[in-house]
Amino acid sequence: MSQALPIPEGLPAERDAGPFDPPRGITRMREARPVMPLIFPDGHEGWLVTGYDAVRQVMADTRFSSRLDIGIVHVPYQTPGMPAPTEPSPQIPGMFIAMDPPDHTRLRRKLTGAFTVKRMKMLEEHIIDITERQLDALARLTPPVDLVKEFALPVPSLVICELLGVPYEDRETFQSNSAQFLVKDQTVEEKVGAYNALTTYLAELVTRKRAEPGDDILSDLARHDDLTIEELTGIAFLLLLAGHETTANMLALGTFALLENPGQLAELRADPGLIPDAVEELMRYLSLADVFYRYATEDIELGGETIPKGSTVVVSLLAANRDPHRFDDPDTLDIHRKARGHLSFGHGVHQCLGQQLARIEMRAGFDGLLRRFPTLHLAIPADQVKLRTDMNIYGVHELPVAWTETPR
Ligand code: HEM
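Residue numbers restart at each chain and count upward from 1, following the sequence in its written direction. Restriction of local features to residues with pLDDT of at least 70 applies here, the model being predicted, together with a cutoff of 80 or more for giving and counting side-chain atom pairs; totals for whole chains, interfaces and linings are based on all residues.

An unreviewed UniProt entry lists the chain under the name Cytochrome P450, from Streptantibioticus cattleyicolor.

See below:
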């Protein structure tokens, strides 16, 4: 790979094109070469995939293995001083997002029934109730308030805790540890510390559920004798982490994006029937779970390049979702766009298990918030909003908002 471009600090992370747009460096890379060799800071070689078609192809092809773990032991360039992965990592029991078929299939299959469109539809009323109650609590506060703390984080946390059967009162433990886990620039010791704290907590929880199952997803899983406690713990970890950080950030960053696009916001308020399309478009436009890793298990042709066996392949969903070859005028937020086909929930066998749940939460969340807070606005200048460029899931750390009318 003699033409490899050195990228001294890994992928550009700075939001130099604004809070919602990809870093300029990433856009330039996609324009120059959508499948591009790169060199990680530690000197090992890999590939960066930014074009829509190529990213989709990587995610659809299980020869691009997912057996690179999700940051517990080594994320290739974001954890300073870590060895480069040159072979698949050992599997972490239960963590099926980092497994390949048939191990992946065996575990995912045990959960598909719990997350079907039909099951999620049945939960919709209940999720709307949870959302409205949280909005009641929000309305009782005196603005300005932090929308992340008072709304965007509690709603998905309450929902996933209830579904999984994790006591919401324990959220201090699992929220601080899971947040810690998503910090990009931290030592391995810190990462392992947060991981151990969370898994110790969850191992005790699933052990109790195995002894005395209740009416929740983890109890249903605990009834499967062929799942070990370690596997149950790994699955619980994955669902808990994936189930609240992502949706919480979508609610907060999505609200910020709408407030910054007043024309679109006004249209959405005037016609709430547009909310499902707006949610898809916000998913595309914000792509807050951006970077995913794969590992080439053999030489593979991709976008006119040959990816050699053993390469680490980095895909950027944000770059792919802003590819003008796939979406017209991709850097414009357009709630009338039919954005389905975006890659924000991934693609292929690992496509997001919780996507229907996330959609229902986002629809209920945006619908309730816009309806009940017609004068919602930022309480600080937009350029002072603290962006999560330091985290593996993008979003805002806080979103101070205010309103002038007493909400209904
Ligand atoms: C997988 C994004 C919400 C559970 C994924 C993947 C993406 C993603 C991109 C694919 C990862 C890969 O291919 O390596 C999102 C976004 C969400 C969201 C943007 C919110 C807006 C949720 C929720 C749950 C969830 C609410 C709740 C249970 C999972 C699980 C996987 C996954 C278990 C692994 C699936 C597998 O490996 O087969 N998600 N997700 N996600 N997501 Fe989500």
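To continue, consider the sheet that holds strand S10 (residues 377–378). Spatially, the three strands line up as an open sheet ordered S5-S11-S10, and their pairing is antiparallel. Every interior strand has two partners, whereas the edge strands, strand S5 (145–146) and S10, have only one. Two strands are counted as paired when DSSP detects at least two bridges linking them. A run of DSSP states H or I qualifies as a helix once it reaches four residues; a run of E qualifies as a strand once it reaches two. Both are numbered from the N-terminal end. Taken together, the two bridges between S10 and strand S11 (residues 400–402) define a ladder with antiparallel strand orientation. Across the sheet, the residue bridging to His377 is Ala402, located in S11.

What follows concerns the site of the ligand. The C-beta atom of each residue is placed using the backbone, and any residue whose C-beta lies within 6 Å of a molecule or strand is treated as near it. Not every one of the 23 residues close to the ligand is listed here, only the nearest: Thr246, Gly346, His350, Cys352 and Gly354. Among the elements of the structure, helix H10 (229–259) and helix H14 (355–372) are those that each provide at least two residues to the shell around the ligand. Sorting elements by how many residues they give to the shell around the ligand places H10 first, with seven residues. Each residue gets one label: Ala, Val, Leu, Ile, Met, Phe, Trp, Tyr, Cys and Pro are nonpolar, Asp, Glu, Lys and Arg are charged, and the others, such as Gly, are polar. When its residues are assigned to classes, the shell around the ligand shows 14 nonpolar, eight polar and one charged.

Quick look at the nonpolar core now. Side chains of a nonpolar character, in soluble globular proteins, are inclined to be buried together. In these notes, a nonpolar core means any group of buried Ala, Val, Leu, Ile, Met, Phe, Trp, Tyr and Cys residues linked to one another through C-beta atoms within 7 Å. Exposure classes come from backbone-placed C-beta atoms, where a residue is buried if 20 or more other C-beta atoms lie within 10 Å of its own, exposed if 12 or fewer do, and partly exposed in between. Core analysis: the biggest nonpolar cluster contains 107 residues, and Val49, Val55, Leu164, Ala236, Ala252 and Val313 have the highest contact counts within it. Sorting elements by how many residues they give to this core places H10 first, with 16 residues. Look past the residues within four positions of Val55 in its chain and what remains in contact with it is Val49, Val315, Leu317, Ala320 and Leu343. For every residue pair, C-beta atoms are placed from the backbone, and the pair is scored as a contact if these atoms sit within 7 Å.

Now for the packing of H10 against H14. Running from N to C, H10 and H14 point in directions that differ by 35°, and their axes come no closer than 10 Å. The handedness of the crossing between H10 and H14 comes out as right-handed. Contacts between H10 and H14 involve Thr246, Thr247, Met250, Leu251, Gly254 and Thr255 from the first element and Ala358, Glu361, Met362, Gly365, Phe366 and Leu369 from the second. Inter-axis angles, ranging from 0 to 180 degrees, are taken between N-to-C directions of lines fitted to C-alpha atoms, where helices are fitted over the stretch in contact. For a crossing to be left-handed, the near helix must be turned anticlockwise from the far one by less than a right angle; the clockwise case is right-handed.

All right, on to the pairing of strand S6 (residues 291–296) then. Both faces of the sheet carry side chains from a regular strand, because those side chains alternate between them. Among the six residues that make up S6, six are buried, leaving the element largely enclosed by the rest of the structure. Of the two faces of S6, the one lined by Val291, Tyr293 and Tyr295 and the one lined by Phe292, Arg294 and Ala296 are each fully buried. Direction of pairing for strand S4 (residues 64–65) relative to S6: antiparallel, over a ladder of two bridges. Pairing of Ser65 across the sheet is with Tyr295, part of S6. As paired elements, S6 and strand S9 (residues 312–316) share five bridges and run antiparallel to each other. Its bridge partner lying in S9, Val291 is registered against Ser316.

All right, on to helix H4 (residues 117–139) then. One less than the number of residues in a helix, times 1.5 Å, gives the span that helix is expected to have. For H4, built from 23 residues, the straight-helix expectation of 33 Å at 1.5 Å per residue is met to within 8% by its first-to-last C-alpha distance of 31 Å. Fitting one axis to the seven residues ending at a residue and another to the seven starting there, the bend at that residue is the angle between the two axes. Along H4, the helix axis deviates most sharply at Glu124, where the bend reaches about 40°. For H4, the set of buried residues is Met120, Ile127, Ile130, Thr131, Gln134, Leu135 and Leu138. Tucked inside the fold, the buried residues of H4 contact S5, helix H5 (147–152), helix H6 (154–164) and H14.

Cis rather than trans, the peptide bond between Pro101 and Pro102 has omega equal to 5°. Inspection of the secondary structure assignment puts Pro102 in the loop between S4 and helix H3 (103–112). Here Pro143 and Pro144 are connected by a cis peptide whose omega angle stands at 5°. On the secondary structure map, Pro144 appears in the loop between H4 and S5. Positioned with a positive phi, Ser287 is a non-glycine residue whose angle comes to about 35°.

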